[in-house]
Amino acid sequence: MVCMVSTKRDFLMTGIRILLFLFFILAAPPLLAQEKEEEEGPMQPVRLEIEYGSDNMEFELFPLADSSLLLYSKKTDLWNRKATHTFERLNAKLDRVWSCTHDLTPEDQYILSYSEGIYLYMVFAGTNDQKYKFLRLNSLTGDAIATTHTLEPIRNLFQFSVLHGRYFLIGTSKRDFKPLLLYVDPAPNLVKLLPATYGDESTFSDLQPVPQHQRMDVVLTESNNKISRLQVKSFNVQGELISNHFILQQDNKNLLTAEVTPVDTLSRLLIGSYSTSGFQLSNGFFTSPVASQVVNGEFYSFVQLKNFFKFMSPRREERTRRRERNRIEAGKQPANRYRMLLHDLIPTTEGYMLAAEIYYPQRRRSSSYLDPSLYGAQFFRHTMRENEEYKRTHAVVLGFDKNGVLLWDNIFLLKNLVSANLTPAVEIVYAPDGRIIMVYPDEQEIAYQIMTPEKFSDEVNKLDILTYHEKEKVLTTEQLGIIPWHDGNFVAFGFQHIRRISGESQHVYFINKIAF
């Protein structure tokens, strides 16, 4: 391990040009331009570029709890025989605080991460599909400890969480492809399969650490193609089962998937989706106390939501609502059902906010389709269906009080947003001032929309990624991404080919702060 701590803000490092050095030399015109646009949209006050030239580079960016960032890069030679794994902490101004290299191999491929306290935990896969390397990185110092664990029952991993330094992982069984839940205590190298009831149609829908109560909550959806139920299992720090709740469906309402609120045991809620027919398409949302054996809460159909159908034209929305009301009055089930991808619950001042993307699968337009929202190791991380992609129509956002009562609903329009993998395609945050901000990468721009809880707007804005100087020309932008940062801000990142004012052409990895 080699670490360097930065004591000056005007440093230069090989391959890296920090914004503070070039900001005052080159960037005055963009700042003047931003002053004119301040009332019209978000600002981009700081930027970092890393020149990589012809090097084979991978980058991953992680927001930390103290308003800083952790940048991980992997540089390999042409034959993948040597690799340099570099970890850097960047402050809120994108100045480097420290930089460390750690002894990882060229075969180590980053796949998952989780942040707990001052530590960032990273999972690496290698050539052995049962051995995984876990790196615990101290974000204050850059020190790291790596441990390797053999996860024999697992074919692959797709979710990872940490509770007081112990690992909880969800993957698929190498024997029958069913979901499995594993516990790893790295110090004694303890790996064990955690108990659950796994049916043919079982899926995990939430993995929620509750560190203040020394508990990991796991939500499991089960069905036998006739009825469905939810399990909420709670494990302690040692991976021991401390409680198990079964929540059965009510009447003809099948429980599809749910998120659990991160509070004490007695007041926990489930907030999720339900269907009145089948187990794939949703008719609305439900809330229920975890402690109830049968769903004992509220059901909200799409027709009851004020803004759910605003993605339609006004005439089509009115016609759809009228038909649905007539069906309900005639004792029939609603006809409008949708596929939904739930986001994690977000705590708010009133209670909780839940977002969901409405999508439908379609045939790919081309066998060479490349999803621009994927970057770095996400290509390794996600398994894509060969001939299918997923088109979003809109994202619905709901606000609940602490008892699970619906307070408001609204939607974001997602026009022509298509991805090759079924993971969240947009980022939705609840800002400290109560605004709700939605962003997603759209080719070489950032699409964004800002809403207040009950006021619908169909205006989607676009934001160009600014360079150091307004006269520099961006020739290409690839693998553009954006993630939430601190205080309702975001950070955009990706690869750009830039022509400088001097005429020089450079390939850079960039990081831009997006301040709303």
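Engineer: Quick question: what am I supposed to make of the overall build of the chain here?
Structural biologist: Within the chain, the regular secondary structure consists of four helices and 35 strands. Taking all 516 residues of the chain together, the buried fraction comes to 52%. Intrachain contacts of the chain at a sequence separation of at least 6 include 52% that bridge at least 24 residues. For the chain, the computed accessible surface area is about 23,800 Å², with 49% contributed by carbon and sulfur atoms.

Engineer: Before we go on, may I ask you to explain the packing of aromatic side chains in this structure?
Structural biologist: Each aromatic ring pair is specified by the distance between its two centres and by the angle formed by the two planes. Throughout the structure, instances matching the rule amount to 28 aromatic pairs. Geometrically, the ring pair formed by Phe168 and Tyr183 is edge-to-face, given 5.3 Å between the ring centres and 70 degrees between the ring planes. Within this pair, whereas Phe168 is found in strand S13 (residues 166-173), its partner Tyr183 is found in strand S14 (residues 179-185), the two being separated by 15 residues in sequence. The pair formed by Phe168 and Tyr183 is uniform in burial state, with each residue classed as buried. Each residue in the set Phe285, Phe302, Phe308, Phe309, Phe311 and Tyr338 is aromatic and connected to the rest through ring pairs, giving one cluster. The cationic tip of Arg47 hangs over the ring face of Tyr468; the distance from NZ or CZ to the ring centre is 5.9 Å. Over the ring of Phe299 we find Lys253; its NZ or CZ atom is 5.2 Å from the centre of that ring.

Engineer: How do you make sense of unusual backbone geometry when you look at a structure like this?
Structural biologist: As a rule of thumb, non-glycine residues mostly have phi less than zero, and peptide bonds are mostly trans rather than cis. At Leu94, a residue that is not glycine, the phi angle is positive and equals roughly 65 degrees. The topology assignment puts Leu94 in the loop between strand S6 (83-90) and strand S7 (96-102). Unlike most non-glycine residues, Gln479 shows phi in positive territory, near 50 degrees. Residue Gln479 is classed as partly exposed on the basis of its relative accessible area of 28%.

Engineer: Mind showing me how you'd approach the sheet that holds strand S21 (residues 269-275) here?
Structural biologist: Hydrogen bonds between backbone groups are what pair the strands of a sheet, and the pairing can be parallel or antiparallel. What the four strands build is an open sheet, ordered S20-S21-S22-S23; its pairing is antiparallel. Each edge of the open sheet carries a strand with a single partner, namely strand S20 (254-260) and strand S23 (298-301). Neighbouring strand axes in the sheet, compared pairwise and without regard to direction, differ in orientation by 25 degrees on average.

Engineer: Teacher, can you tell me more about helix H3 (residues 314-329) here?
Structural biologist: Each turn of an α-helix holds 3.6 residues, which means side chains three or four residues apart point in the same direction. Along its 16 residues, H3 runs 23 Å from first to last C-alpha, staying within 8% of the 22 Å computed at 1.5 Å per residue. Residues Glu317, Thr320, Arg321 and Glu324 constitute the buried set of H3. The arc enclosing the buried residues of H3, seen along the axis, measures out at 95 degrees, which places them on a common side. Exposed residues lying more than 90 degrees from the buried face of H3 are Arg315 and Glu329. Looking one or two residues beyond H3, the residue adopting positive phi is Gly331, at roughly 80 degrees.

Engineer: What is the right way to look at the nonpolar core in this model?
Structural biologist: Among soluble globular proteins, nonpolar side chains are generally buried collectively. The biggest cluster of nonpolar side chains holds 24 residues, and the ones touching the most others in it are Phe285, Phe302, Leu305, Phe308 and Val396. Elements supplying a minimum of two residues to this core: strand S24 (339-342), strand S26 (351-363), strand S27 (388-401) and strand S28 (406-419). With four residues, S26 is the largest single contributor of residues to this core. In this structure, Phe302 is in contact with Ser282, Asn283, Gly284, Phe285, Phe308, Phe309, Arg321, Asn336, Tyr338 and Met340, ignoring residues within four places of it in sequence. With 18 residues, the next largest nonpolar core counts Ile50, Met57, Val491 and Tyr509 among its residues.

Engineer: Quick question: what am I supposed to make of the sheet that holds strand S18 (residues 228-235) here?
Structural biologist: The strand order across the open sheet formed by four strands is S16-S17-S18-S19, and the pairing between neighbours is antiparallel. The open sheet has two edge strands, strand S16 (203-210) and strand S19 (241-248), and neither has a second partner. On average, each strand axis in the sheet is inclined to that of its neighbour by 15 degrees, with strand direction left out of account. Two elements, strand S17 (residues 215-223) and S18, share eight bridges in a ladder whose sense is antiparallel. Bridge pairing in S18 links Ser223 to Ser228.

Engineer: I keep staring at the environment of Glu222 and nothing clicks. Help me out?
Structural biologist: By the secondary structure assignment, Glu222 is in strand S17. Once the C-alpha coordinates of Glu222 and Phe204 are considered, the two residues, 18 residues apart in sequence, prove to be 8.9 Å apart. Within the structure, Glu222 has its side chain in polar contact with the side chain of Arg229 (distance 2.8 Å).

Engineer: Looking at this structure, how should I read the environment of Thr86?
Structural biologist: You can see Thr86 is positioned in strand S6. Between the alpha carbons of Thr86 and Cys100 there is a distance of 5.7 Å; along the sequence they are 14 residues apart. What Thr86 contacts, discounting residues up to four positions off in sequence, is Leu71, Tyr72, Ser73, Ser99, Cys100 and Thr101.

Engineer: Explain a positive patch on the surface here, please?
Structural biologist: On the surface, a cluster of positive charge is contributed by Arg315, Arg316, Arg319 and Arg323. On the secondary structure map, Arg319 appears in helix H3.

Parameters and conventions
Residues numbered from 1 in each chain as written. Predicted model: local features only at pLDDT ≥ 70, side-chain atom pairs only at ≥ 80, totals over all residues. Heavy atoms only, no water. Helix = DSSP H or I, 4+ residues; strand = E, 2+ residues; numbered from the N terminus. Buried < 20%, exposed > 50% of the residue type's maximum accessible area, 1.4 Å probe, protein only. Contact = heavy atoms within 4.5 Å. Areas by Shrake-Rupley, 256 points an atom, 1.4 Å probe, with all protein chains shown as cover. Phe/Tyr/Trp six-rings, centres within 6.5 Å; stacked < 30°, edge-to-face > 60°. Lys NZ or Arg CZ within 6 Å of the ring centre and 35° of its normal. Pairing = 2+ DSSP bridges. Axes fitted to C-alpha atoms, helices over the stretch in contact; angles between N-to-C directions. Expected span 1.5 Å × (residues − 1). Arc of directions from axis to C-beta. Core = buried A, V, L, I, M, F, W, Y, C linked by side-chain atoms within 4.5 Å. Polar contact = N/O pair within 3.5 Å; in protein donor to acceptor, adjacent residues only side chain to side chain. Patch = residues over 30% accessible without salt bridge, like charges linked within 9 Å, V, L, I, M, F, W, Y side chains within 5 Å. Salt bridge = Lys/Arg side-chain N within 4 Å of Asp/Glu carboxyl O. Lys, Arg positive; Asp, Glu negative; His and termini not counted. Charge placed at Lys NZ, Arg CZ, Asp CG, Glu CD.

Structural measurements only, silent on function.
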